[in-house]
Amino acid sequence: MASSSSYSSLYLHSLPKASSGSGQWKNGFLGGSVSSRRLFVSPVVFLQKSPRLSAIRASSEGGSRRRVYKESQAATGFPNAKVQQIASSVLPIGSFVVVTFVLWKVVEKFMSPKSSSPGEGKASTQGVKWSIGAGTNLLQGFAAKVDREAKQRLNEFAKELRAFRSVDMSGCNFGDEGLFFLAESLGYNQTLEEVSFSANGITAAGVKAFDGVLQSNIMLKVLNLSGNPIGDEGVKTLCATLMENSSIEKLQLNSADLGDEGAKEIAELLKRNSTLRVIELNNNMIDYSGFTSLAGALLENNTIRHLHLNGNYGGALGANALAKGLEGNKSLRELHLHGNSIGDEGIRALMAGLSSHKGKLALLDLGNNSITAKGAFYVAEYIKRSKSLVWLNLYMNDIGDEGAEKVADALKQNRSIATIDIGGNNIHATGVNAIAQALKDNAIVTTLEVGYNPIGPDGAKALSEILKFHGNIKTLKLGWCQIAAKGAEYVADMLRYNNTISVLDLRANGLRDEGASCLARSLKVVNEALTSVDLGFNEIRDDGAFAIAQALKANEDVTVTSINLGNNFITKFGQSALTDARDHVLEMTEKEVEIFF
């Protein structure tokens with residue numbers, strides 16, 4: 001027993017001791033105490049039987065305890081050696097666990113919400129909001145300042161709504177909450193007539209702010225909510241509100257994420273609201289079904305004037321449905337269908353509907369609708385019969401020379417169209433020559449857009465020979481037409497005699513210095529009509545700039561007020577010459593000429 005107790009005393013002296021009542025492990029290696037819930041030491045250390053126990057017991061029977069103890073030391077080694085071996089493996093693990101625990105406690109102390117008695121810990125946590133998210137540990141004082149500034153801005157916006165007739169708040173990002181705050185300024189407002197809340201992050205929930213407000217407003221005429229993702233639900237809420245509004249004439253919902261269901265709500269609104277004159281639904285997701293709903297509304301509504309459906313998905317079926325609505329409508333004046341992939345069959349149905357239209361359509365936008373020469377035939381037939389159409393856009397289709405010839409033939413009979421855009425239609429010299437011949441005896445067309453067609457120098461020649469003494473073109477756009485310096489020579493010769501062209505666009509035609517010099521020689525001649533010339537993207541260098549500068553100085557009666565030479569290769573020397581010429585004209589004639597580099 002004595003030997004056993006000595007062994008126990010010696011063995012436990014070097015190992016961790018369990019102290020009852022404290023609930024902690026006392027660790028001789030670490031020299032500290034750790035909570036038993038955080039640090040676990042394997043009981044194997046205490047229960048494993050040591051090989052020296054038998055040696056001590058055997059020796060105690062045949063000799064003194066001291067001698068046996070020494071012999072056992074010599075035979076098996078001092079127990080500290082075994083303990084040291086265990087410590088070498090336990091110590092790193094224990095150290096890591098303890099350090100981790102301590103760090104966690106420190107982090108937990110600062111990051112975990114505390115529930116303390118009143119007044120406890122206020123000095124260390126007051127004014128701080130802690131969050132793991134990056135950039136979210138903001139002082140309450142700073143957050144309060146931002147909040148005050150936001151409220152101050154909204155108050156300023158509210159004052160503007162009460163003070164001005166037209167207010168543009170687009171892109172302010174005040175969201176739904178901001179709209180609820182500002183909507184109060186619209187109720188019974190006797191000043192504001194036009195407001196734009198576009199691109200403000202307003203959703204369907206925010207549109208509810210208008211409920212009870214727009215019904216009481218009798219002054220607001222234009223409401224712009226474009227660029228806000230209100231969707232079909234938001235449109236439904238808005239339309240329910242506008243059912244009882246008698247002042248808004250123009251509603252803009254472009255890029256508002258509305259689809260067929262939203263279009264149906266708009267259609268129901270048009271059936272019951274007799275105040276709206278302009279509806280803009282561009283760049284949404286309206287398909288055939290939505291077009292059908294709107295067509296049904298056109299049959300019942302006789303007050304709508306402008307319908308904008310650019311950039312939707314009407315297609316041929318949508319155009320066919322819309323055509324039926326147009327047949328019974330008398331009020332529509334503008335129809336915008338740019339970018340709806342209507343195609344030739346859709347155009348056929350649409351032109352038939354417009355031919356039966358009892359109203360006076362003045363503007364028709366059919367750009368970017370995959371129309372070929374076949375579709376151009378249907379358009380031409382409508383042009384021949386129309387007596388009200390003033391503006392026609394066929395931009396970015398593919399009518400080619402054959403289609404251009406059909407349109408030109410129709411223009412010879414039409415006496416209403418003043419602006420026609422046939423740009424980007426793969427028209428060559430042959431097609432533009434047909435258009436030029438149609439302008440020979442037509443004094444109605446004043447704006448002609450032919451840009452983005454490869455008409456080349458020959459096309460420029462055909463057009464210039466007619467416009468030299470005929471027609472009434474005031475704006476001529478020939479950008480990106482590949483006319484080169486030779487074509488510029490024909491245009492320059494035409495300018496010597498033409499007395500109608502005021503705006504000339506010759507961008508990106510590869511004119512270079514030679515073409516610029518040809519045009520400069522014409523600028524020396526008195527031209528009472530020409531006011532704006534665009535020569536951007538033409539690879540013009542200093543020599544061309546010098547020629548234009550000299551022309552401006554030489555013409556004492558110059559009427560040009562704007563020259564664009566941007567995106568060329570003009571250095572500071574050419575720019576200096578042009579600046580001197582501009583100053584000279586101002587000094588001699590008191591006329592300002594804007595020159596853009």
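Draft legend 1. A look at unusual backbone geometry. In this model, serine 255 sits at a positive phi of 50°, which is unusual for a non-glycine residue. Residue position: serine 255 is located in the loop between strand 7 (250-252) and helix 11 (260-272). We classify serine 255 as partly exposed; its relative accessible area is 34%. At alanine 484, a position not held by glycine, the phi torsion is positive, near 60°. Within the fold, alanine 484 resides in helix 19 (residues 484-495). With relative accessibility at 29%, the residue alanine 484 sits in the partly exposed group.

Draft legend 2. The arrangement of the nonpolar core in detail. Among the nonpolar cores identified, the biggest contains 139 residues, and Phe197 and Leu253 are the most heavily contacted of them. Excluding anything up to four places from it in sequence, phenylalanine 197 contacts Met169, Phe174, Leu179, Leu182, Leu186, Ile202, Phe210, Leu223, Asn224, Leu225 and Asn228.

Draft legend 3. Main features of empty space enclosed by the protein. Across all of its chains, the model carries four cavities of 30 Å³ or more by this definition. Volume-wise, the largest cavity comes out at about 80 Å³. Lining the largest cavity are Leu495, Ser522, Leu523, Val525, Asn527, Leu530, Asn555, Val558, Thr559 and Val560. Its residues placed into classes, the lining of the largest cavity shows six nonpolar, four polar and no charged.

So, how was this worked out
Residues numbered from 1 in each chain as written. Predicted model: local features only at pLDDT ≥ 70, side-chain atom pairs only at ≥ 80, totals over all residues. Heavy atoms only, no water. Helix = DSSP H or I, 4+ residues; strand = E, 2+ residues; numbered from the N terminus. Buried < 20%, exposed > 50% of the residue type's maximum accessible area, 1.4 Å probe, protein only. Core = buried A, V, L, I, M, F, W, Y, C linked by side-chain atoms within 4.5 Å. Contact = heavy atoms within 4.5 Å. 1 Å grid on protein atoms, 1.4 Å probe; cavity = no way out; pocket = protein on both sides within 12 Å on 5 of 7 lines; lining within 4 Å. Points joined across faces, edges and corners; volume = space filled by probe spheres on them. Nonpolar A, V, L, I, M, F, W, Y, C, P; charged D, E, K, R; others polar.

Note that all results are geometric; they support no functional claim without further evidence.
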